[in-house]
Amino acid sequence: FTATSATAADFQASGGKVLQVVQAQTTTAVTSTATGYTDSGLSGSITPSATSSKILISITQPYALQRTSADNWLGHVRLLRGSTAIWTPATYSLGFSVDGSSVTGFTENYLSINYLDSPSSTSSVTYKTQFGLDSNGQVRTQRASSPSQIILIEIGA
């Protein structure tokens, strides 16, 4: 058995440092019955200090889905940088699927997204979420007691 000693430097992580943190939230509800994607009302902007910076995006957002017909019905969400979708789940990420015996259904939950982006820009970058519907339903964001929140963290190279 050989004893060794370590200094604090031996335990420091290599890699980036947090350069800035931006937080935004909304309590404004958005309701949509349209098929396709609709802005959820949550967005945040950050101006990276270097093109090599990465942005860690952390989102918490309440939502409710209501089904208004007997068809199976599902909802989905995506994350955008500007007008470009940078994260879209491969499968439906919200909602429920039931047999045709029930005409209506309702689900309420929280959406949580953590995503690391490389915008390669020093211009202001805006991130936002959008909800999508198949058909025969409604999506609603927000409850007065539960604001949506986006946190953008710039990580330096």
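Please refer to the structure higher up on the page.
Cut-off values and rules
- Every chain is numbered independently, its residues counted from 1 as its sequence is written.
- Whole-chain, interface and lining totals are the exception, using all residues; otherwise, since this is a predicted model, local features are given only for residues with pLDDT of at least 70 and side-chain atom pairs are given and counted only at 80 or more.
- Derived side-chain values reflect all non-hydrogen atoms in the structure, with water molecules and hydrogen atoms excluded from consideration.
- Working definition: helices are DSSP H or I runs of at least four residues, strands are E runs of at least two. Numbering for both runs from the N terminus.
- Any two residues having at least one pair of non-hydrogen atoms within 4.5 Å are treated as being in contact.
- Only the protein chains shown count as cover for residues, with accessible areas throughout obtained via the Shrake-Rupley method and a probe of 1.4 Å.
- For this analysis, a ring pair means two rings from Phe, Tyr or Trp (six-membered ring only for Trp) whose centres lie within 6.5 Å, classed as stacked if their planes differ by under 30 degrees, edge-to-face if by over 60, and tilted for the remaining angles.
- For the exposure calls, accessible area comes from a 1.4 Å probe over protein chains only, and a residue counts as buried if that area is under 20% of its type's maximum, exposed if over 50%, partly exposed in between.
- A ring is scored as having a charge over it whenever the NZ atom of a lysine or the CZ atom of an arginine sits within 6 Å of its centre and within 35 degrees of its normal.

It is worth spelling out the overall build of the protein at this point. For the protein, the helix and strand inventory stands at zero helices and 11 strands. Ordered by position from N to C terminus, the α and β elements of the protein give β-β-β-β-β-β-β-β-β-β-β. A fraction of 83% describes how many contacts in the protein between residues 6 or more apart in sequence connect residues 24 or more apart. When the accessible surface of the protein is totalled, it reaches about 8,500 Å², and 49% of it is carbon and sulfur.

The final tally for this structure, using the stated rule, is one aromatic pair. Between the aromatic rings of Y63 and F131, the centroid separation amounts to 6.0 Å while the plane-to-plane angle is 45°, which identifies the pairing as tilted. Placement of Y63 in strand β4 (residues 54–67) and of F131 in strand β9 (residues 125–133) is noted, with a sequence separation of 68 residues between them. Taking relative accessible area as the criterion, Y63 reaches 6% and is therefore assigned buried. Given the relative accessible area of 2%, F131 is considered buried. Above the plane of the ring of Y37 lies R78, whose end atom (NZ or CZ) is 3.8 Å from the centre.

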